[in-house]
Amino acid sequence: MLTSSLVKAAEFTAGSPGQLVRIPGGHAFLPNVLPPHVDVSWELASKLERATRSLARLDGQASLIQNRTLIVRPLLTREAVESAR
């Protein structure tokens, strides 16, 4: 449960995957319960394996970066610009 004054009720719509509830000092977002069962197929397992291998390659390449600030700072700047809109 997220309980922070940063939760803005106006940012949530009827299509949000959960509900907004009033708490002392603001609002809290309660997400919907996840489905209890996921149908697993060979196709899903194959896609999961491909995604796992891609993340491992990305992790390996990221470990080669000497100055991570060169990568992180532009992303933080972009996020700040987007959230200010």
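Residues numbered from 1 in each chain as written. Predicted model: local features only at pLDDT ≥ 70, side-chain atom pairs only at ≥ 80, totals over all residues. Heavy atoms only, no water.

**Section: the environment of threonine 52**
Positionally, threonine 52 belongs in helix H1 (residues 42-62). Look at threonine 52 and you get partly exposed, because its relative accessible area is 42%. In sequence terms threonine 52 and leucine 30 are 22 residues apart; their C-alpha atoms lie 30 Å from each other. Among the polar contacts listed, one links the side chain of threonine 52 to the backbone oxygen of leucine 48, at a separation of 2.9 Å. (Helix = DSSP H or I, 4+ residues; strand = E, 2+ residues; numbered from the N terminus. Buried < 20%, exposed > 50% of the residue type's maximum accessible area, 1.4 Å probe, protein only. Polar contact = N/O pair within 3.5 Å; in protein donor to acceptor, adjacent residues only side chain to side chain.)

**Re the pattern of salt bridges**
Any two side chains of opposite charge can pair, on the condition that their charged atoms come close. Following the criterion strictly, the structure yields three salt bridges and no others. Between glutamate 43 and lysine 47 there is a salt bridge whose closest N-O contact spans 3.3 Å. Here the residue glutamate 43 and the residue lysine 47 both occupy positions in helix H1, the gap between them amounting to four residues, near one helical turn. The shortest N-O distance in the salt bridge between arginine 85 and glutamate 82 comes to 3.4 Å. (Salt bridge = Lys/Arg side-chain N within 4 Å of Asp/Glu carboxyl O.)

**Thoughts on the pairing of strand S2 (residues 18-23)**
Looking along a regular strand, one sees the side chains alternate between the two faces of the sheet. Alignment of S2 against strand S3 (residues 26-31), held across six bridges, turns out to be antiparallel. Bridging across to S3, valine 21 finds its partner in alanine 28. Hairpin geometry of S2 and S3 is characterised by an intervening segment of two residues between the two adjacent antiparallel strands and by a positive phi of about 95 degrees at glycine 25. (Pairing = 2+ DSSP bridges.)

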